[in-house]
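Residue-level structural notes
Below are the chains, spelled out letter by letter.
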Amino acid sequence: MTQKVAVLGTGKIGEALLSGMIRAGWSKNDLMCTARRRERAEALRSRYGVEVVSNIEAAKAADTVILAVKPQDMALLLDELAPHLPADRLVISAAAGVPTAFFEEKLPAGTPVVRVMPNTPVLVDEGMSVISAGSHASETHLLRTEEIFKPVGKTLRVPESQQDAATALSGSGPAYFYYLVEAMTDAGILLGLPRDKAHDLIVQAAIGAAVMLRDSGEHPVKLREAVTSPAGTTISAIRELESHGVRAALIAALEAARDRSRELASGQA
Ligand SMILES: NC(=O)c1ccc[n+]([C@@H]2O[C@H](COP(=O)([O-])OP(=O)(O)OC[C@H]3O[C@@H](n4cnc5c(N)ncnc54)[C@H](OP(=O)(O)O)[C@@H]3O)[C@@H](O)[C@H]2O)c1
């Protein structure tokens, strides 16, 4: 059966999903999207050749609607959609920290809702999208959601109670690596390297390490031991990381991110 999919609020994340679905072979006739501004609508129409419609038209016509507006714009969008959205439509939310109960309360009774927390590497097809079912979402709805998010990276299912932890690790995760690259580039400058060369060295080390982590199947400790020779350079650096409490700092940092995600989900500014 043909399934029509609409992206509502086609900004950075919405556009990444739309282009991913097109690359994965969805027919453009089965895709539609919405935008708030006319120039944005024109840009999407000419870039992807898909129909750009109003939110209400999308709610009436699509079997699956992906809500990709900012969390603070969600209540207004749901108020607009609710009177027009049949209760058998799958609603997928990509909004950070908004619980499925929020959608279930505002949409017709029984509407299946799936919550997804993507991260920015979806923009380069290396994202991680963490998926949780709302109370009316079935296995079929989860499979449908995975089909939509797989073209832009990996997907992982977790119970909704673990979404705040997943947000701390995966949603914010890329930022920690950028922070490390920034700090290590500064170190390169201290050691006398020009900034661009220091940057290239660290970025390539990060890419190489990431690919080895993903493709070797080895535990990170094994991979690190392989570059840590007796009385060598790496162990001198590791001793400094340990004595400055970097491991403990990372644990505390991710705990703080998890706590903040909980606060935001409960509506605290
Ligand atoms: N970017 C991330 O790292 C990331 C990661 C995980 C989850 N998310 C979630 O993904 C969602 C989208 O984030 P984003 O970074 O893609 O934001 P974005 O680029 O601002 O995209 C949101 C788009 O929605 C449009 N919009 C707002 N209200 C609308 C309405 N009523 N009707 C139609 N279009 C509307 C906005 O229009 P204007 O252009 O006029 O503002 C904008 O183009 C957010 O809920 C965010 O929490 C983002």
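Residues numbered from 1 in each chain as written. Predicted model: local features only at pLDDT ≥ 70, side-chain atom pairs only at ≥ 80, totals over all residues. Heavy atoms only, no water.

Here is the rule: UniProt positions are given in the numbering used here, feature names are shortened, and annotations may be inferred rather than shown by experiment.
Per an unreviewed UniProt entry, the protein goes by the name Pyrroline-5-carboxylate reductase and belongs to Streptomyces cinnamoneus. Taken verbatim from the UniProt record of the protein, the Sequence similarities (unreviewed entry) comment is "Belongs to the pyrroline-5-carboxylate reductase family." Annotation of the protein in UniProt includes, under Subcellular location (unreviewed entry), the sentence "Cytoplasm".

1. A few points about the site of the ligand
The criterion, for reference: In these notes, residues near a molecule or strand are those with any non-hydrogen atom within 4 Å of it. Under this definition, polar contacts are N or O atom pairs within 3.5 Å; protein pairs additionally need one hydrogen-donor-capable and one acceptor-capable atom, and for neighbouring residues in sequence, both atoms have to be side-chain atoms. To measure how exposed things are, a 1.4 Å probe is used in the Shrake-Rupley method; for residues, cover is taken only from the protein chains shown. Each residue receives one of three labels: charged for Asp, Glu, Lys and Arg, nonpolar for Ala, Val, Leu, Ile, Met, Phe, Trp, Tyr, Cys and Pro, and polar for the others, Gly being one of them.
Residues in close proximity to the ligand total 21 residues, the closest being Ile 13, Arg 36, Arg 37, Val 69 and Thr 120. At 2.8 Å, a side-chain N or O of Arg 37 approaches an oxygen atom of the ligand. One nitrogen or oxygen atom from the main chain of Ala 96 is found 2.9 Å from an oxygen atom belonging to the ligand. A total of 890 Å² of accessible area belongs to the ligand in isolation, and the protein chains cover 83% of it. For the shell around the ligand, the residue count by class is ten nonpolar, six polar and five charged.

2. Quick word on the nonpolar core
For clarity, the cut-off: In this text, buried Ala, Val, Leu, Ile, Met, Phe, Trp, Tyr and Cys residues form a nonpolar core when linked through side-chain atoms within 4.5 Å. When a residue's accessible area, from a 1.4 Å probe over protein chains only, is under 20% of the maximum for its type it is buried; when over 50% it is exposed; and in between it is partly exposed. To qualify as a helix, a DSSP run of H or I must reach at least 4 residues; to qualify as a strand, a run of E must reach at least 2; elements of each kind are numbered from the N terminus. Should any heavy atoms of two residues lie within 4.5 Å, those residues are considered in contact.
If you look at the biggest cluster of nonpolar residues, it comprises 26 residues, and the most contacted ones within it are Met 21, Ile 66 and Ile 148. In terms of residue count, the dominant contributor to this core is helix H1 (residues 12-23) (four residues). In this structure, Met 21 is in contact with Val 5, Val 7, Trp 26, Leu 31, Ile 66 and Ile 148, ignoring residues within four places of it in sequence. Listed in part, the 22 residues of the second largest apolar core include Ala 62, Leu 81, Ala 95 and Val 113.

3. Some details on the UniProt feature "binding site: NADPH" (unreviewed entry) in the protein
Taking the UniProt record as the reference, the feature "binding site: NADPH" (unreviewed entry) is found at Asn 55. When you line up the elements, Asn 55 lands in helix H3 (residues 55-61). A residue is classified by how much of its surface remains accessible, and Asn 55, at 17% relative accessible area, is buried. Not counting residues within four places of it along the chain, the set of residues in contact with Asn 55 comprises Leu 8, Thr 34, Leu 77, Glu 80 and Leu 81. In terms of polar contacts, Asn 55 uses its side chain to reach the side chain of Thr 34, at 2.7 Å.

4. Quick word on the pairing of strand E8 (residues 153-157)
Spelled out, the test is: Strand pairing follows a simple DSSP-based rule, namely that at least 2 bridges must link the two strands. With its strands directed away from the observer, a crossover is right-handed exactly when the path from the first strand over the helix to the second travels clockwise.
Here strand E7 (residues 127-133) pairs with E8 via five bridges, running parallel. The partner of Ser 129 across the bridge, within E8, is Thr 155. As a crossover connection, the stretch from E7 through helix H6 (residues 139-149) into E8 is right-handed.

5. Re the domain arrangement of the protein
Note the following rule: Each domain's extent was defined by an automatic or database domain assignment. Accessible area, probed at 1.4 Å, shrinks when two parts are joined; the buried area is that loss added up over both. Salt bridges, as used here, are contacts in which a Lys or Arg side-chain nitrogen is within 4 Å of a carboxyl oxygen on Asp or Glu.
You can read the domains of the protein as domain 1 (5-159) and domain 2 (173-265). On a C-alpha basis, the centroid separation for the pair domain 1 and domain 2 is 34 Å. Taken together, the contact pairs six residues of domain 1 with four residues of domain 2. Buried area between domain 1 and domain 2, summed over both chains or domains, comes out near 370 Å², and the portion from carbon and sulfur atoms is 51%. Inspection of the region where domain 1 meets domain 2 yields one salt bridge. Residue Arg 214 pairs with Glu 126 through a salt bridge whose shortest N-O separation is 3.7 Å. At the junction of domain 1 and domain 2, the tally comes to zero residue pairs in polar contact (both at pLDDT 80 or more). Grouping the amino acids of the side of domain 1 that touches domain 2 by side-chain chemistry returns two nonpolar, three polar and one charged.

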